[in-house]
Amino acid sequence: MTTESTSRAADIEAISRLVATVEHSQQNKDPEEFLGLFHSDAIWTTAHGKVLIGLDAISEFTRKVLPAANWDGKVTYEVVHVLFIRPDVAAVKVRQRYLAPGEESEGAPLYVLSKQADGRWLLTACQNTAVVAD
């Protein structure tokens, strides 16, 4: 395996861990864990189209909404595809599922991540999109 492919595999693993942390933070309704994944000047668009620019706006919204979320079940996040735009920028398509007794809903977030100088990947520009059943 070349150094480049080893590095790419390590980046994909790090990105998968970030998405797993998103899942964990959502399952536990933990805003601080979730907010620790964002770049300071990130952009977040909610599934309902609310645009949040910068970590302050994302934090205010998340601290209000996440702990009060009224779903009772399990949420899962699965990396579906990673597209490296540059070695330090990746577009990540995610399958998000909310599973509760007798009901299920799905989301199709797109996360644009940026790799920091210390090697961490952070959420930078994200769109959370609800999937509407046919």
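Being a predicted model, the structure only gives us computed values, none of them experimental.

**With respect to the pairing of strand β7 (residues 121-127)**
In step 1: Where burial is concerned, most of β7 is hidden: 5 out of the 7 residues are buried.
In step 2: Looking at chain direction, strand β1 (residues 38-45) and β7 are connected through 4 bridges and run parallel. Bridge pairing in β7 places Trp44 opposite Cys126.
In step 3: Pairing between strand β6 (residues 110-115) and β7: 6 bridges, direction antiparallel. By the bridge assignment, Ser114 is partnered in β7 with Leu122.

**Side note on the nonpolar core**
In step 1: Core analysis: the largest hydrophobic core is formed by 26 residues, its most contacted members being Val92, Tyr111 and Leu123.
In step 2: The set of elements that each furnish at least two residues to this core consists of α1 (3-27), α2 (31-35), β1, β3 (74-86), β4 (89-100), β6 and β7.
In step 3: Sort the elements by how many residues they give to this core and α1 lands first, with 5 residues.
In step 4: Contacts of Tyr111, omitting those with residues within four sequence positions, involve Val19, Val22, Trp44, Tyr77, Ala90, Ala91, Val92, Val94, Leu123, Ala125 and Cys126.

Criteria and thresholds
Residues numbered from 1 in each chain as written. Predicted model: local features only at pLDDT ≥ 70, side-chain atom pairs only at ≥ 80, totals over all residues. Heavy atoms only, no water. Buried < 20%, exposed > 50% of the residue type's maximum accessible area, 1.4 Å probe, protein only. Helix = DSSP H or I, 4+ residues; strand = E, 2+ residues; numbered from the N terminus. Pairing = 2+ DSSP bridges. Core = buried A, V, L, I, M, F, W, Y, C linked by side-chain atoms within 4.5 Å. Contact = heavy atoms within 4.5 Å.

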